[in-house]
Amino acid sequence: MSSKDMPGLGSDTADEAVRSTCDDASICKRFAVSVGYWKDPYIQYFVRQAKERKAPEINRGYYARVQGVHHLVSAFLRHTKGNCQIINLGSGLDTTFWRLKDENLLPLKYFEVDFPMIVARKLYNIKSKPPLSKPIMELQSGESLLMDSHSMDSMRYSIIGADLRNLPDLEERLKKFKMNPDLPTLLVAECVLVYMSPQQSAALLSWAANTFPAAMFINYEQINMGDRFGHIMVENMQRRQCDLAGVEACQSLQTQKDRLLLNGWEDATALDMLQVYSSLPQDDVRRIEKLEFLDEKELLEQLLLHYCICWATKDKRQLGLSNITF
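Residues numbered from 1 in each chain as written. Predicted model: local features only at pLDDT ≥ 70, side-chain atom pairs only at ≥ 80, totals over all residues. Heavy atoms only, no water.

**Observations regarding helix H12 (residues 297-304)**
Along H12, the residues that are buried comprise Leu-300, Leu-303 and Leu-304. Down the axis of H12, the buried side of the element spans an arc of 95°, and every buried residue falls inside it. The elements touched by buried residues of H12 are helix H2 (56-79), helix H8 (228-239), strand E8 (267-272), helix H10 (273-279) and strand E9 (307-315). (Buried < 20%, exposed > 50% of the residue type's maximum accessible area, 1.4 Å probe, protein only. Helix = DSSP H or I, 4+ residues; strand = E, 2+ residues; numbered from the N terminus. Arc of directions from axis to C-beta. Contact = heavy atoms within 4.5 Å.)

As structure tokens, this is what we get:
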């Protein structure tokens, strides 16, 4: 169900602008992979190579984002020994499922949710490109795939076209594809909540906290949006008709943590991306810093100080989820 079917949930123009950010992120990731920042043999099947070079600070920013989120995802999978499920909210053209399979780190089930229009594009690529479809079929044990124009369900991977602002519909679709609330559950949202109103993101976070007794929520998003650099970021997005409706939660690391704690999560931690960059394996950081000459280190630092990774846990089963960190 798209927002145009749901009065009051966002104009078509606004939602179209949000959908376009999926392409921007994918193109930036594809370029950074081509330069050698990290390995991702699957992204080439979703997005063409960018015609123009991306600035080194953009590449390093995406490196910090991808490696930082992957670190926490891997830590959750190892902590639960894979006896868990992952729900990637607003997943876009993300390739995490395939990369986790290559690392033998898959959860029992990996779910992706995004706008139906983006899901339709992703499904077309999966169906038409064997390097994407074969890993899914290898895990099928002979069972047939359940697929329509806006969703696909297999034994270990599901992709669902839904609007995250319509929680009854979202829950119904996830349950249809065998989401198990009793399993330890990791929810991941990267630059997703900021496009929702504070009420809508609060409802989503509260739904997640109330649905899963043992869970972790990872949120990658903007912070420090009240300063000059932050204002320029907001203006740039507005020029593209992209309204950051949830920007008030992006004022500081504390406001990011507070939003999670006020909506049912027990523990919350937040690091700006400069802290994350400094926490990544420094051998690899030194390797990527040799890939391209960086003229303006201050610009990279400004960029990293305006994004964060915030994560929260709820642990009724006492699995020790709050111990997962950098």
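**Description of unusual backbone geometry**
Peptide bonds are, in most cases, trans, and in most cases residues other than glycine have a negative phi. The phi dihedral of Lys-178 falls on the positive side, at around 70°, and the residue is not glycine. Structurally, Lys-178 can be placed in the loop between helix H6 (167-176) and strand E6 (185-190). Since its relative accessible area comes to 59%, Lys-178 is described here as exposed. The phi dihedral of Gln-241 is positive, around 60°, even though this residue is not glycine. Mapped onto the secondary structure, Gln-241 falls in the loop between H8 and helix H9 (253-261). Judged by its relative accessible area of 54%, Gln-241 is exposed.

**Considering the pairing of strand E5 (residues 157-161)**
Most of E5 sits inside the fold, with five of its five residues counted as buried. Sheet topology note: the strand E2 (residues 109-114)/E5 ladder contains five bridges and is parallel. Looking across to E5, one finds that Tyr-110 is bridged to Tyr-157. In this sheet, E5 lies alongside strand E4 (residues 151-153) in antiparallel orientation, the contact comprising three bridges. By the bridge assignment for E5, Ser-151 is matched with Ile-160. Between the antiparallel neighbours E4 and E5 lie three residues. (Pairing = 2+ DSSP bridges.)

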